[in-house]
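What the coordinates show
If you want the building blocks of each chain, they are given just below.
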Protein chains: 2
Amino acid sequence: MSEQQQLQATIITIGDEILIGQTVDTNSAFLGEELSVIGIGVREIISVADQRDRIVSALGRAMQQSDIVLLTGGLGPTKDDITKATLAAYFDTELVLNEAIYAEIEAYMKKRGRPMMDSVKSLAMLPEDCTVIRNHVGTCAAMWFERAGKVVVSMPGVPHEVKDLMNRNILPKLKETFDTPSIIHHTIKCVGLGETIVAAKIESVESALPAHIKLAYLPSKGVLRLRLSGMGTDEEGLKGEVKDYADQIWDIMHPKYAFVNGDANKQLEEHIGELLLEREATMATAESCTGGAIAAKIVSIAGSSRYFEGGIVSYSNALKHTALSVDMDTIEEFGAVSEEVVTQMVFGAIGRTGADYAVAVSGVAGPGGGSKEKPVGTVWIATAHKSGRIFAKRYQLARTRAINIALTTNLALAQLRWQILELV
Amino acid sequence: MSEQQQLQATIITIGDEILIGQTVDTNSAFLGEELSVIGIGVREIISVADQRDRIVSALGRAMQQSDIVLLTGGLGPTKDDITKATLAAYFDTELVLNEAIYAEIEAYMKKRGRPMMDSVKSLAMLPEDCTVIRNHVGTCAAMWFERAGKVVVSMPGVPHEVKDLMNRNILPKLKETFDTPSIIHHTIKCVGLGETIVAAKIESVESALPAHIKLAYLPSKGVLRLRLSGMGTDEEGLKGEVKDYADQIWDIMHPKYAFVNGDANKQLEEHIGELLLEREATMATAESCTGGAIAAKIVSIAGSSRYFEGGIVSYSNALKHTALSVDMDTIEEFGAVSEEVVTQMVFGAIGRTGADYAVAVSGVAGPGGGSKEKPVGTVWIATAHKSGRIFAKRYQLARTRAINIALTTNLALAQLRWQILELV
């Protein structure tokens, strides 16, 4: 399909805070990815201030150059939020009280025991001539305008509200409204191996891909998404073709590195939960440099109480001793960041919680605390089963504190996966 | 100073990966902040694909609407990087070999033991009629064009190269070239109170603001940033004026809710660390529904080992008992999400770690686990000092699991702040 025929969208993000750099605009990246997944090209991303003339100018241009315009931001109850009034004027309609939304907001505020102030009431004043889309995770409704075959959608600027509105309503409605071509995406997720090494391993598959199937490498904090995207008219045939290439990659990368074949939304921590549930097993954590981030990831999955006992954030050496029974002499002799200490930590966690599996980490997250033998980024990770099986490995990272912690968290989960699957 | 008189810039970020959401554009936020600090307004941020017509169209618009245009991206050695050729054609000049840059690149590659391939040599082909700015941390030079009193600067897309080029050369050169006005930003951060209630409390200050000083509400996960922005010619006078309004807001909101007056980069967890360091005190955590997220926030601050002992993620009731000495009968009688249990948890954490302060949380993060008396979003937070002073409070949230956890984390830190400051 040529570009001329492809549906085009323009994304407009509204907010002074974006222009002066106090907020990094992450909504655009999310929207760009979601649109491309359903075969809609993004012509341009424009960020403008909360000013009527700026919004109008960007909107005019966007409507000229594309079929779809997605706006975020400027819908709040405060004086600087003017998107709604601007759109009503632009599309020559009035702001009227939307009874259904008013009732929603009233219930929402009541549930939280908050007063129904005038500023909150104003959220239910919405353009008459548009389709109002209810916001299930916030108080600012979205608006869907259709004019001359083009669609303009205005959403609030809060990222999780944008995500919920898109997934629940706007993407399905876009697919329904426009005749989008068939695009088949298939995602394989890997962990525990760098992007360049993965690329070398699957080179034969990649070079054999036909022109209408593309492969994207999408690394994030140690987890690598490999996304195959095929475009065509025969949806069923395309599905089979994409799946065939995906299976070839899967056969090379699984079981050691690839953990998801097809379900793009499945997180590594959710996969770990499934492995444990299948085995009716439980787990625990013992964390030093990650400070609770591994446990927090496990708990981010609903229902994790079925397999997660809990964890110890033994940041001080004293707590490593009192809560995890790490020997003070071992810390003295080998240092807190050592194979000996993480080994005692991981068995301490199993002993303390009664879990079947545990993971323990100790490292130098930085920026301070490094030495010649153990520079910033040195991390020891131990994983173990209550039977006594244990695997400990040293990793050498070298980034900022935040990135070192995020990488360590995923590496720890990757190693725990190997432990559960008996791959180490 | 009216807006018409303010220097205006447009930022253009170039790259297919931005439009399809594979890369979050962080350069724009950096450039926006740096420009606003030297009093240059950002008219618009535009992201376009690596396509000649798209770049030319954005550039034409940008030059029409602003005095300064900053471009990033598309300067690499691969085929899809076409910014340089596009600019040379647009400004009617030729790409010629720049001897000085060639020598720089040669030395750069030699130092890293990499070969001088043709693609690398092409990096020294630069427009004849422009000022070439050397890149000290990479191989793509920047280009400074001046046409009809306007300045267009093209930089590579790698964020740390953009930062180095801006700080070392481009910002000083912009200040030298233009007579920049003064813009003063001042941020106050609050926690523990919703945006609409804060707005009501400071309404008198907000309505008294003169036209050249604006107030923005920037909420994120329970923490609210209030940003005052003033523009004028008399920098010292303006500073005083903005500070005066900021102090009026501070006086209303501090100490209970406002915790930062001026330092926009200071996080709540960093502030907690400072309060503890001032008192030479330590803290610990006992977490159930947040699963380690509070501890992880504390540990995200470099140097937190000076005041953070560690924590217990007592996800299971058994671990609440064995690690925090919570009475099993109490859990039986009142449930895990109760004032009685968090009270025992918080003192259990102090007892276990020897910390001066502790914070404990237990709640129903959702989506399951709710009941009529304790629906999803019910959270109990207890904070205590080792002397026996304790404060426990019930909160009612009602969002998704991830947001409930994020909000609870910040509310727990807010309550810990009250505890340390003896405001409860």
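Residues numbered from 1 in each chain as written. Chains lettered and ligands numbered in written order. Predicted model: local features only at pLDDT ≥ 70, side-chain atom pairs only at ≥ 80, totals over all residues. Heavy atoms only, no water.

Regarding the pairing of strand β11 (residues 223-232) of chain A
All names here are of chain A. A large share of β11 lies buried, amounting to 7 of its 10 residues. Summarising the sheet, strand β9 (residues 182-191) and β11 pair through 10 bridges and their orientation is antiparallel. By the bridge assignment, Ile 188 is partnered in β11 with Leu 226. In terms of strand pairing, strand β10 (residues 213-220) meets β11 through 8 bridges, oriented antiparallel. Bridged to Ala 216 within β11 is Arg 227. Two successive antiparallel strands, β10 and β11, enclose a turn made up of 2 residues, where Lys 221 displays a positive phi of approximately 50 degrees. (Buried < 20%, exposed > 50% of the residue type's maximum accessible area, 1.4 Å probe, protein only. Helix = DSSP H or I, 4+ residues; strand = E, 2+ residues; numbered from the N terminus. Pairing = 2+ DSSP bridges.)

Topic: the interface of chain A and chain B
At the interface, 72 residues of chain A touch 74 residues of chain B. Surface buried jointly by chain A and chain B totals about 5,700 Å² across both partners, of which 55% is contributed by carbon and sulfur atoms. One can count 2 salt bridges joining chain A with chain B. Two residues, Glu44(B) and Arg61(A), come together in a salt bridge whose shortest N-O distance is 2.6 Å. Connecting chain A to chain B are 24 residue pairs in polar contact (both at pLDDT 80 or more). Of the residues assigned to the side of chain A that touches chain B, the class counts are 31 nonpolar, 24 polar and 17 charged. Relative to strand β2 (residues 41-48) of chain B, strand β2 (residues 41-48) of chain A runs antiparallel, the two being bridged by 3 bridges. (Contact = heavy atoms within 4.5 Å. Buried area = accessible area lost by both parts, 1.4 Å probe. Salt bridge = Lys/Arg side-chain N within 4 Å of Asp/Glu carboxyl O. Polar contact = N/O pair within 3.5 Å; in protein donor to acceptor, adjacent residues only side chain to side chain. Nonpolar A, V, L, I, M, F, W, Y, C, P; charged D, E, K, R; others polar.)

Observations regarding the packing of aromatic side chains
Under the defined criterion, the tally for this structure stands at 8 aromatic pairs over all chains. Summarising the aromatic geometry, the rings of Tyr90(B) and Phe91(B) are spaced 5.1 Å apart at their centres and angled 90 degrees between planes, so their arrangement reads as edge-to-face. Overall, the relative accessible area of 7% leaves Phe91(B) in the buried class. An aromatic cluster of three or more residues is present, and its members are Tyr90(A), Phe91(A) and Phe145(A). (Phe/Tyr/Trp six-rings, centres within 6.5 Å; stacked < 30°, edge-to-face > 60°.)

Looking at the confidence of the model for chain A
A residue-level look at chain A finds 99% of positions with pLDDT of 70 or above and a mean pLDDT of 93. Both confidence scores are given for the complex: pTM 0.81, ipTM 0.80. (pLDDT = per-residue confidence, 0-100.)

Details of empty space enclosed by the protein
Per the counting criterion, the structure on display carries 2 cavities of 30 Å³ or more. In this structure, the largest cavity spans a volume of roughly 140 Å³. Around the largest cavity, the lining is made up of 16 residues, and of these Asp25(A), Ser28(A), Ser47(A), Asp25(B) and Ser47(B) lie nearest the centre. Looking at the lining of the largest cavity, the elements with two or more residues in it are α2 (27-37) and β2 of chain A together with α2 (27-37) and β2 of chain B. Here the residues of the lining of the largest cavity sort into 8 nonpolar, 6 polar and 2 charged. Lining the second largest cavity are Leu75(A), Lys84(A), Leu123(A), Leu126(A), Cys140(A), Ala141(A) and Met143(A). Classifying every residue of the lining of the second largest cavity by side-chain character gives 6 nonpolar, no polar and 1 charged. (1 Å grid on protein atoms, 1.4 Å probe; cavity = no way out; pocket = protein on both sides within 12 Å on 5 of 7 lines; lining within 4 Å. Points joined across faces, edges and corners; volume = space filled by probe spheres on them.)

Observations regarding the state of the cysteines
Structurally, a disulfide amounts to a covalent bond that connects the sulfur atoms of two cysteines. For the coordinates displayed, the defined rule picks out 0 disulfides over all chains. No disulfide involves Cys140(B); its sulfur sits 14 Å from the nearest other cysteine sulfur, which is in Cys130(B). (Disulfide = S-S within 2.5 Å.)

Quick word on the sheet that holds strand β9 (residues 182-191) of chain B
Residue and element names in this part refer to chain B. Strand order in the open sheet formed by 4 strands is β10-β11-β9-β12, with antiparallel pairing between adjacent strands. Looking at which strands have only one partner, the edges of the open sheet turn out to be β10 (213-220) and β12 (258-261). Each neighbouring strand pair of the sheet contributes to a mean axis angle of 20 degrees, computed without reference to strand direction. (Axes fitted to C-alpha atoms, helices over the stretch in contact; angles between N-to-C directions.)

A closer look at the side chain of Thr10(B)
All names here are of chain B. Locating Thr 10 in the fold gives a position in strand β1 (residues 8-14). Engagement of the side chain of Thr 10 in a polar contact is seen with the side chain of Gln 65, the distance being 3.1 Å. Dropping the residues within four chain positions of it, Thr 10 is found in contact with Arg 43, Glu 44, Ile 46, Ala 62, Gln 65, Ser 66, Ile 68, Val 69 and Leu 70.

A few points about the nonpolar core
Residues Leu226(A) and Leu226(B) are the most contacted members of the largest nonpolar core, which totals 126 residues. Among the elements that make up this core, the one with the highest residue count is helix α16 (residues 401-420) of chain B (10 residues). Residues in contact with Leu226(A), not counting those within four places in the same chain, are His186(A), Thr187(A), Ile188(A), Cys190(A), Val198(A), Ile202(A), Leu215(A), Ala216(A), Tyr217(A) and Ile249(A). Grouped together as the second largest cluster of nonpolar side chains are 43 residues, Ala286(A), Ala358(A), Ile331(B) and Ala384(B) included. (Core = buried A, V, L, I, M, F, W, Y, C linked by side-chain atoms within 4.5 Å.)

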